[in-house]
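# Structural description and commentary
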Amino acid sequence: MNPPDKQNVQSCPACARSTPHAFRFTHNGCDIRQCQECGLGRTQAGAFDPAAYYTEDYFSGGRADGYSDYRGAEPVLRREFARSVDFIRRYRESGKLLELGCAYGFFLMEAAHYFDVAGIELASDAVGHARGVGLNVLEGAADEANLRQIGPVDVVVLFDVIEHLPDPRETLALCYESLNPGGVIVLTTGDFGSPLARLAGVRWRLMTPPQHLWFFTQKSMRQLAAGLGFAIEHVDHPWKIVPASLIVFQLRRMLGLGGGPLAAASRIGVPANLFDAMRVVLRKPSCGTTAGS
């Protein structure tokens, strides 16, 4: 394991070149390093199989860094997702919408009131549920083949997804190509540069390697977007309605506590904002620009 004060040079997806990376700390057996130019954090993980990790257990309390009871929290989640749809419609009122990492399709159900919707999801159980309620959801990664099958879209949504991607730059470049001119990407992810993240360090609630591979700062997000040809139209730290079960589940994990099921708490929505998660809107120019490499 590298000593804490040692820097090394690695390729940074946000800077699109090799930059010095400093060791921050080790967590869950993974070194966390940070680009010294844009602030993007990265997990130095060994073998990690996303398809084996994001199973039904991930959504039902079987993974400490997953969800307590995702399906049981459907009413609360859909209420929050309806608010997200209202937000998205400020930038694109209608058209075709694609969600990457759509889980059981709860957001797509709300978005379908205004958009022609489709999704891509890795977890087979979640895909089966989404298809069972009539949604157009492909199983697998957000790769070129699946995006080609979906076809051109006007909106791409990544809610708490980009930090899981093996190569976020490649995925956003593919999304750029899939977007119609003037289309938008709406994404959420942790803000590694936020006061809480800096203060909490290794104990930050979103510091969950190897599940989270990347830890974005606002600067790194702006550099990544600009390098791919996107204009950033909006960045904020929004309030959310969060299932109480998820709050308790995360607190138990951070405190090293166990516990039983939280089904009753899944049906309770709590307004929450620790100002350590950002929402970003990226727009593809109306004409003429191609994605960067």
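None of these values were measured; they are calculated from a predicted model.

Turning next to the overall build of the protein chain. Regarding its fold elements, the protein chain presents 10 helices and 14 strands. Across the 293 residues that make up the protein chain, the buried fraction comes to 52%. When contacts within the protein chain are restricted to residue pairs at least 6 apart in sequence, those whose partners lie at least 24 apart make up 66%. Per element, the accessible surface of the protein chain, about 12900 Å² overall, is 52% carbon and sulfur.

Further remarks concern the nonpolar core. With 39 residues, the main nonpolar core has Leu-100 and Ile-185 as its most contacted residues. The set of elements that each furnish at least two residues to this core consists of strand E5 (95-100), strand E6 (115-121), helix H6 (144-150), strand E8 (153-159), helix H7 (168-178), strand E9 (179-190), helix H9 (218-228) and strand E14 (277-283). It is H7 that contributes the most residues to this core, 5 residues altogether. Setting aside chain neighbours within four positions, we find Leu-100 in contact with Ile-120, Ala-142, Leu-147, Val-156, Val-157, Leu-158, Val-161, Thr-171 and Cys-175.

This next bit is on H9. Buried within H9 we find Ser-220, Met-221, Leu-224, Ala-225 and Leu-228. With its buried residues spanning 130° around the axis, H9 presents them on a single face. On its buried face, H9 is in contact with H7, E9, strand E11 (231-236) and E14. Positioned one or two residues after H9, Gly-229 has a phi angle of 95°, which is positive.

For the bond running from Pro-209 to Pro-210, omega is 0°, close enough to zero to count as cis. Inspection of the secondary structure puts Pro-210 in the loop between helix H8 (195-200) and strand E10 (214-215). Phi angles above zero are rare outside glycine, and Ala-103 is one such case at about 50°. Along the polypeptide, Ala-103 turns up in the loop between E5 and helix H4 (106-111). For Ala-103, a relative accessible area of 5% gives the class buried. Of note, the phi angle at Phe-275 is positive, near 55°, even though the residue is not glycine. With respect to the element layout, Phe-275 can be found in the loop between strand E13 (269-272) and E14.

If you trace the backbone, Thr-19 turns up in strand E2 (residues 17-27). If sequence neighbours within four positions are ignored, Thr-19 has contacts with Asn-8, Val-9, Gln-10, Cys-12, Cys-35 and Glu-37.

The share of residues in the protein chain with pLDDT of 70 or more is 88%, and the mean pLDDT across the chain is 90. Considering only residues more than four positions removed or in separate chains, one finds that residues 1-5, a stretch of pLDDT under 50, has 7 contacts.

On to the sheet that holds E14. The strand order across the open sheet formed by 7 strands is E7-E6-E5-E8-E9-E14-E11, and the pairing between neighbours is mixed. Looking along the sheet, the strands with just one partner apiece sit at the ends: strand E7 (137-139) and E11. On average, adjacent strands in this sheet sit at an angle of 15° to one another, irrespective of strand direction. As defined by bridge partners, E6 adjoins E7 across 3 bridges and the pair is classed as parallel. When the bridges of E7 are listed, Ile-120 appears paired with Leu-138. Sitting on the sheet, helix H5 (residues 124-132) touches E6 and E7, and the angle it makes with E7 is about 155°.

What counts and how
Residues numbered from 1 in each chain as written. Predicted model: local features only at pLDDT ≥ 70, side-chain atom pairs only at ≥ 80, totals over all residues. Heavy atoms only, no water. Helix = DSSP H or I, 4+ residues; strand = E, 2+ residues; numbered from the N terminus. Buried < 20%, exposed > 50% of the residue type's maximum accessible area, 1.4 Å probe, protein only. Contact = heavy atoms within 4.5 Å. Areas by Shrake-Rupley, 256 points an atom, 1.4 Å probe, with all protein chains shown as cover. Core = buried A, V, L, I, M, F, W, Y, C linked by side-chain atoms within 4.5 Å. Arc of directions from axis to C-beta. pLDDT = per-residue confidence, 0-100. Pairing = 2+ DSSP bridges. Axes fitted to C-alpha atoms, helices over the stretch in contact; angles between N-to-C directions.

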